[in-house]
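Listed below, chain by chain, are the residues.
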Amino acid sequence: MLGTPALFATAYGNVGSSIYYALGLVAGIALGLTPLVFVISGVIFAATAATYAEGTVRFPEAGGSSSFARNGFDELVSFIAAWAQMLNYVITIAISAFFVPHYLSIFWEPLRTNPWDIVGGAIVITLLVLLNIVGIREAANLNIFLAVVDFATQLLLVVVGFALIFSPHTVFSANLHWGVAPTWSSFFLAIPIAMIAYTGIETVSNLAEEARDPPRDIPRSISWVAGAVFAIYFTLPLIALSALPVHRVDGGYATLLGEQPKSGGGGGFANDPVLGVVEHLGLHGTVLSAAKVYVGILAATILFIATNAGVIGASRITYAMASHRQIPEIFRRLHPKFKTPWLSLLVFGGIISIAVLLPGKTTFLGNMYAFGAMLSFSIAHASIIALRVKRRDREMRFRARPNLRVGGVDWPLFAIFGGLGTAAAWLVVVVQEADARWVGFGWLALGLILYAAYRRYVVHAPLRETVRAPILIGPAIALEYRSILVPVKPGRESEEAIDFACRLATERGSSIAAVSVVLVPLELPLDAELPEAEAAANEALDSAVAIGELYGVDVVGRLLRARSPGRAIVREAERRQTEIIVIGAPRAERPQRAIFSETVDFILKNAPSRVMVVAGKKVVAA
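Caption draft 1: Representation of helix 20 (residues 531-551) within the structure. Taking 1.5 Å of rise per residue, 21 residues should cover 30 Å, and helix 20 covers 30 Å from first to last C-alpha, within 8% of that figure. Taken as a whole, helix 20 has its buried residues at E534, A537, N538, A540, L541, A544, V545, I547 and G548. With its phi angle positive at about 75°, G552 sits one or two positions after the end of helix 20.

Here it is in structure tokens:
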């Protein structure tokens, strides 16, 4: 069950990891304008972060921009967004794994260059795919610790750099050759490439199902990530270009920060830019050696975790696509022994990622990420704008800002600005980079052809229609339920329901979602603070998690705010595609009017799945 710190740590672990390769990749293109490029891309990212915060609160489920597009437009647009996301994850896996050996080259120099960096990256991907198939669990506390250490280390580099080597004249004058180095076309291309620095935003969306209170936790975590990342990307490039300034080379301009290393040693630091900064930070002797070892090990560890997050993200988006009949259902089937989506991990996390890694071209990987990310982000922005128009009268628990009310619609200025920025950046990549253009459009064309064929000949449904994969329920109830939802509130009835659900879950290795509803009176806005009711709901959720721990079962808690508890529970069951609802219920005070309470009666009549009512020590199936 993830709160704001865990969500922040997971996202920053991805976003913060990108500094270890994005800095060299962007500097090789933008040269002295690298700090400005990161500032511009950071502003666009802030708008994108606001879009994802609102969209994820609206639809707290795996899918990100794909989920937004499904609700804002239709299933075809949702597939395009999901397929672009898949490209992002494949590239993230490949580029993160590719740079792990580069930072471990402090122990063995050949790891800095081809072919050993390719071999090392392929080994990292293979190892992580196998571990995820077997079913390793991420340690949230370890992720938080490493994210804090990573952020603190990056801040320390900035502080030491400002104290020892920062040169305003070098950064703001000597390095700048406007329109020449870089050319204007290279400058505009560097902006979408710099967006590779913000790869973690989709991760928060994909983890939203595990957040206890999405309207509170998700906006906070995303704003923390945006602030932390902007602080680093605003300052570290200033230090980097003071340490490794732009200089003339063969009639042109270059910086060692963006030049490729040479086999046998020497050359630039495009493959390990942060190590290059450390080496030219003004440190000497034992301190320099210790700093290089520390940064090398930390960077390799963070990149290893980021690769793993990419592998998990690819499997999550694949599962979501298969659940909505966008790709064959076999991709969401679990391994009979390990209960993991082994095929999606093997194909998208492993085979395709290693295939794009093999050429060993970081520039191509950066261009491909920019192609997929800018397309996916643009669809996300457009979806939020469409949702504001389509659902203008619907109450919202969280609304990102700034907005402008015109014609009865609160137009999201952040989404409009962000959408224009990401769409323009996507067009720059398409126009300037032929390799990314043809491979990117080829990826989209292949996906659309397979999607159309699958929909027509297998699903027998229109391309734009949303279709959920059927729930597979076998004859043995206790052995077949894999997704269980349990509404809880303080009291013995809910504890008995959780106890029974845990016994079902231990039979099959099922997942349990405990849901507690805070009832918001009609006279109050949906986002009103109700501390006593929220405290009681959190107490019930904590109790459910504790009971689950006794059985060795993972219980994910979710706090909902709603006008009608029954309707909120049914909607949550539909969204999670729950296979069974287990609910504890006392007898109603007036049995002549209803057997159970109004909430239980509503769930029994409207639930999308089977319902089991735990009444005392008895169980009633419906």
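Caption draft 2: Examining the packing of helix 16 (residues 413-432) against helix 17 (residues 434-459) more closely. Contact pair helix 16 / helix 17: the axes reach a minimum separation of 5 Å and the direction vectors enclose 105°. With respect to helix 17, the axis of helix 16 lies roughly perpendicular. Here helix 16 contributes W426, V429, V430, V431 and Q432 to the contact with helix 17, which in turn contributes A434, A436, R437 and F441. Taken together, the residues of the contact of helix 16 with helix 17 sort by class into 7 nonpolar, 1 polar and 1 charged.

Caption draft 3: Here's a closer look at the packing of aromatic side chains. Applying the stated criterion across every chain yields a total of 22 aromatic pairs. Ring geometry for W178 against W184: centres 6.3 Å apart, planes inclined by 35°, an arrangement best described as tilted. Since its relative accessible area comes to 44%, W184 is described here as partly exposed. Seen from their ring centres, F371 and F441 are 5.5 Å apart, and the 85° between their planes marks the pair as edge-to-face. One end of the pair, F371, is in helix 15 (residues 362-390); the other, F441, is in helix 17, with 70 residues separating them in the sequence. Residue class for F371 comes out buried when judged on its relative accessible area of 1%.

Caption draft 4: Layout of the pairing of strand 5 (residues 483-487). In terms of burial, strand 5 is largely enclosed, as 5 of its 5 residues are buried. The alternating pattern of strand 5 places S483, L485 and P487 and I484 and V486 on opposite faces, both of which are buried. Bridge analysis of strand 5 against strand 6 (residues 511-519) gives 5 bridges, and the strand direction is parallel. The residue bridging I484 from the neighbouring strand is I512, located in strand 6. As judged from the 2 bridges shared by strand 5 and strand 8 (residues 580-584), these two strands associate in the parallel manner. Paired with I484 across the bridge in strand 8 is I580.

Caption draft 5: Broad picture of the packing of helix 5 (residues 75-104) against helix 17. At a closest axis distance of 10 Å, the pairing of helix 5 and helix 17 adopts a crossing angle of 135°. Here helix 5 is positioned oblique relative to helix 17, judged by the angle of their axes. Here helix 5 runs over helix 17; the crossing is right-handed. Only W443, L444, G447, L448, Y451 and R455 of helix 17 make contact with helix 5, whose side of the interface consists of E75, L76, F79, I80, W83, M86 and L87.

Caption draft 6: The arrangement of the pattern of salt bridges in detail. Under the definition given, this model contains 19 salt bridges. Measuring nitrogen to oxygen at the nearest pair gives 2.9 Å for the salt bridge that ties D217 to R216. The salt bridge involving D410 is made with R399; its shortest N-O contact spans 3.5 Å. In this pair, D410 is assigned in strand 4 (residues 409-412) and R399 in the loop between helix 15 and strand 3 (403-406), connecting sequence segments 11 residues apart. Here the salt bridges do not stand alone but share partners, grouping R558, E572, R575 and R576 into one network.

Reading the values: the criteria
Residues numbered from 1 in each chain as written. Predicted model: local features only at pLDDT ≥ 70, side-chain atom pairs only at ≥ 80, totals over all residues. Heavy atoms only, no water. Helix = DSSP H or I, 4+ residues; strand = E, 2+ residues; numbered from the N terminus. Expected span 1.5 Å × (residues − 1). Buried < 20%, exposed > 50% of the residue type's maximum accessible area, 1.4 Å probe, protein only. Axes fitted to C-alpha atoms, helices over the stretch in contact; angles between N-to-C directions. Parallel < 35°, antiparallel > 145°, perpendicular 65-115°, else oblique. Contact = heavy atoms within 4.5 Å. Nonpolar A, V, L, I, M, F, W, Y, C, P; charged D, E, K, R; others polar. Phe/Tyr/Trp six-rings, centres within 6.5 Å; stacked < 30°, edge-to-face > 60°. Pairing = 2+ DSSP bridges. Left-handed = near helix turned anticlockwise from the far one by under 90°. Salt bridge = Lys/Arg side-chain N within 4 Å of Asp/Glu carboxyl O.

What is shown is where atoms sit, not what they do.
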